[in-house]
Amino acid sequence: MATPTPQAAPTGGLRERKKQRTRDALIRAALELFTEQGYEATTIDEIAEAVEVSQRTFFRYFANKQDVAFAVQDMVEARFLDELRARPADEAPLTALRSAVMVAWDDIGNAIASVVPVDLHMRSYQMIESTPALVAAHLRRSSELEEQIAQLIARREGLDVDTDPRPRVLVAAFSGVMRVAGKVWGEGQDCTVEAIRELTQSYLDHIGPAIDADWRTR
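Caption draft 1: Looking closely at the overall build of the protein. Per the secondary structure count, the protein includes eleven helices and zero strands. Taking 17 Å as the expected radius of gyration for a compact globule of 218 residues, we find that the protein reaches 19 Å, a close match to that expectation. Dimensions of the protein, computed from the C-alpha atoms along their principal axes, are close to 60 × 35 × 30 Å. Looking at the 218 residues of the protein, the share that counts as buried comes to 42%. Partitioning the intrachain contacts of the protein with sequence separation of at least 6 by distance along the chain shows that 64% fall at a separation of at least 24. Of the roughly 12000 Å² of accessible surface on the protein, a fraction of 52% belongs to carbon and sulfur atoms. Across the protein, the centroid of the 26 positively charged side chains sits 5 Å from that of the 34 negatively charged ones.

Caption draft 2: Seen up close, helix α7 (residues 118-129). With twelve residues, α7 should cover 16 Å at 1.5 Å per step; its first-to-last C-alpha distance of 17 Å lies within 8% of that length. All buried positions along α7 are accounted for by L120, H121, M122, S124, Y125, M127 and I128.

Caption draft 3: Inspection of the packing of aromatic side chains at higher detail. Scanning the model with the defined rule gives four aromatic pairs in all. One aromatic cluster is present, formed by F58, F59 and F62 through successive ring pairs. The ring of Y39 is capped by K65, whose NZ or CZ atom sits 4.4 Å from the centre of that ring.

Caption draft 4: Spatial organisation of the side chain of K65. On the secondary structure map, K65 appears in helix α4 (residues 65-69). In this structure, K65 is buried with no salt-bridge partner, the nearest side chain bearing the opposite charge being E40 at 4.7 Å.

Caption draft 5: Spatial organisation of the nonpolar core. In terms of nonpolar packing, the biggest core is built from 55 residues, with I27, F34, F80, L84 and I149 touching the most fellow members. Sorting elements by how many residues they give to this core places helix α6 (residues 93-113) first, with eight residues. Excluding anything up to four places from it in sequence, I27 contacts F62, V68, A71, V72, V115 and V116.

Caption draft 6: View of the side chain of D24. Mapped onto the fold, D24 is located in helix α1 (residues 14-37). Buried charged residue D24 carries no salt bridge. Nearest counter-charge: R23, at 4.5 Å.

Caption draft 7: Summary view of a positive patch on the surface. The grouping of R15, K19, R56 and R60 at the surface amounts to a positive patch. Within the residue set of the positive patch, elements represented by two or more residues are α1 and α3 (55-61).

Caption draft 8: Layout of unusual backbone geometry. Positive phi, close to 65 degrees, is recorded for E52, a residue that is not glycine. Judged by its relative accessible area of 75%, E52 is exposed.

Caption draft 9: Representation of the environment of T43 within the structure. Turning to its location among the elements, T43 is positioned in the loop between α1 and α2 (44-51). In the structure, T43 is positioned 116 residues away from L159 in sequence and 46 Å away in space, judged by C-alpha atoms.

Caption draft 10: Main features of the pattern of salt bridges. Across all of its chains, the model carries 13 salt bridges by this definition. E91 is the partner of R87 in a salt bridge, and the nearest nitrogen-oxygen pair spans 2.8 Å.

Caption draft 11: Looking closely at the confidence of the model for the protein. Per-residue pLDDT for the protein averages 86, and the proportion of residues at 70 or more is 91%. Ignoring residues within four places in sequence, the model shows residues 1-10, a span with pLDDT below 50, making 17 contacts including any to other chains.

Caption draft 12: Region of the structure containing helix α8 (residues 132-157). Taking 1.5 Å of rise per residue, 26 residues should cover 38 Å, and α8 covers 37 Å from first to last C-alpha, within 8% of that figure. Positive backbone phi, approximately 70 degrees, marks G158, located one or two places after α8.

Caption draft 13: Structural detail: a negative patch on the surface. Side chains of D45, E46, E49 and E52 sit close together on the surface and give a patch of like negative charge. Relative to the helices and strands, E46 resides in helix α2.

Conventions and cut-offs
- Numbering of residues starts from 1 in every chain and runs along the sequence as written.
- Only residues with pLDDT of at least 70 get local features here, since the model is predicted, and only at 80 or more are side-chain atom pairs given and counted; chain-wide, interface and lining totals rely on the full set of residues.
- The side-chain values count all of the structure's non-hydrogen atoms but skip hydrogen atoms and water molecules.
- Secondary structure elements are taken from DSSP: a helix is a run of H or I of four residues or more, a strand is a run of E of two residues or more, and numbering for both begins at the N terminus.
- Within these notes, the globule rule equals 2.2 Å times the number of residues to the 0.38 power, and the radius of gyration is based on C-alpha atoms.
- Burial here depends on accessible area, computed with a 1.4 Å probe over protein chains only, as a share of the maximum for the residue type. Under 20% is buried, over 50% is exposed, and the range in between is partly exposed.
- Two residues qualify as a contact provided that any one of their heavy atoms is within 4.5 Å of a heavy atom in the partner residue.
- In short, Shrake-Rupley with a 1.4 Å probe defines the accessible areas, and a residue's cover is counted only from the protein chains shown.
- Neither His nor the chain ends is counted toward charge; the positive residues are Lys and Arg and the negative residues Asp and Glu.
- Charge coordinates come from a single atom per side chain, which is NZ of Lys, CZ of Arg, CG of Asp or CD of Glu.
- A helix's residues, less one, multiplied by 1.5 Å, set its expected span.
- Pairing of aromatic rings covers Phe, Tyr and Trp, the last counted by its six-membered ring, and requires centre-to-centre distances within 6.5 Å; plane angles under 30 degrees mean stacked, over 60 mean edge-to-face, and any other angle means tilted.
- Lysine NZ or arginine CZ positioned within 6 Å of the ring centre and within 35 degrees of the ring normal marks a charge as sitting over the ring.
- Salt-bridge detection follows one rule: a side-chain nitrogen of Lys or Arg within 4 Å of a carboxyl oxygen of Asp or Glu.
- Side-chain atoms within 4.5 Å are what join buried Ala, Val, Leu, Ile, Met, Phe, Trp, Tyr and Cys residues into a set we call a nonpolar core.
- Here a patch means residues that are over 30% exposed by relative accessible area and free of salt bridges, tied together within 9 Å if like-charged and within 5 Å if nonpolar (Val, Leu, Ile, Met, Phe, Trp, Tyr).
- The quantity called pLDDT is the predictor's confidence in a given residue, expressed from 0 to 100.

Following this line, the structure appears as structure tokens:
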């Protein structure tokens, strides 16, 4: 299952702009309620009421609460995939992955802020990590995203992932580092894009040293 592509901000048409504003308002209301009173305790009726729309209107935009909980994360992931596809063909795979995530973090703050306040997104990320039902969904989504990335890397390198394990092995290592960095960030006090970007960069810098067979001589 492919990562959902977020709806881009419409460039024309009053009706399209109104629909985008309603969608963004639903995301913001949902994340505010989730982070304030908990994901499980929040109902779809409460989200719709906060935006002064009907439950039917909510379901025009999202299939369920889980969809709206991950809406901004979908945008972040799509931004990363776009950057990875744009990396120069002659870059080594790990360099392309690292560069793509760093470039994405450089400007994702503005993209997030166009939908919800950045600090709200960051708090919602922490909320996801502490909500069992969402952790399970997050792991499933991460597995699907990893396969997308592995297929993309394989195409870049002219490989078949079913006969050459290197794309999946590399992406597994990369994704593991990203998860660890996110977990450490989520347990910290600095809930900013800058903090998670710096932590991510530091952890990615340690992939090479971490797989060195002889740690004691370093």
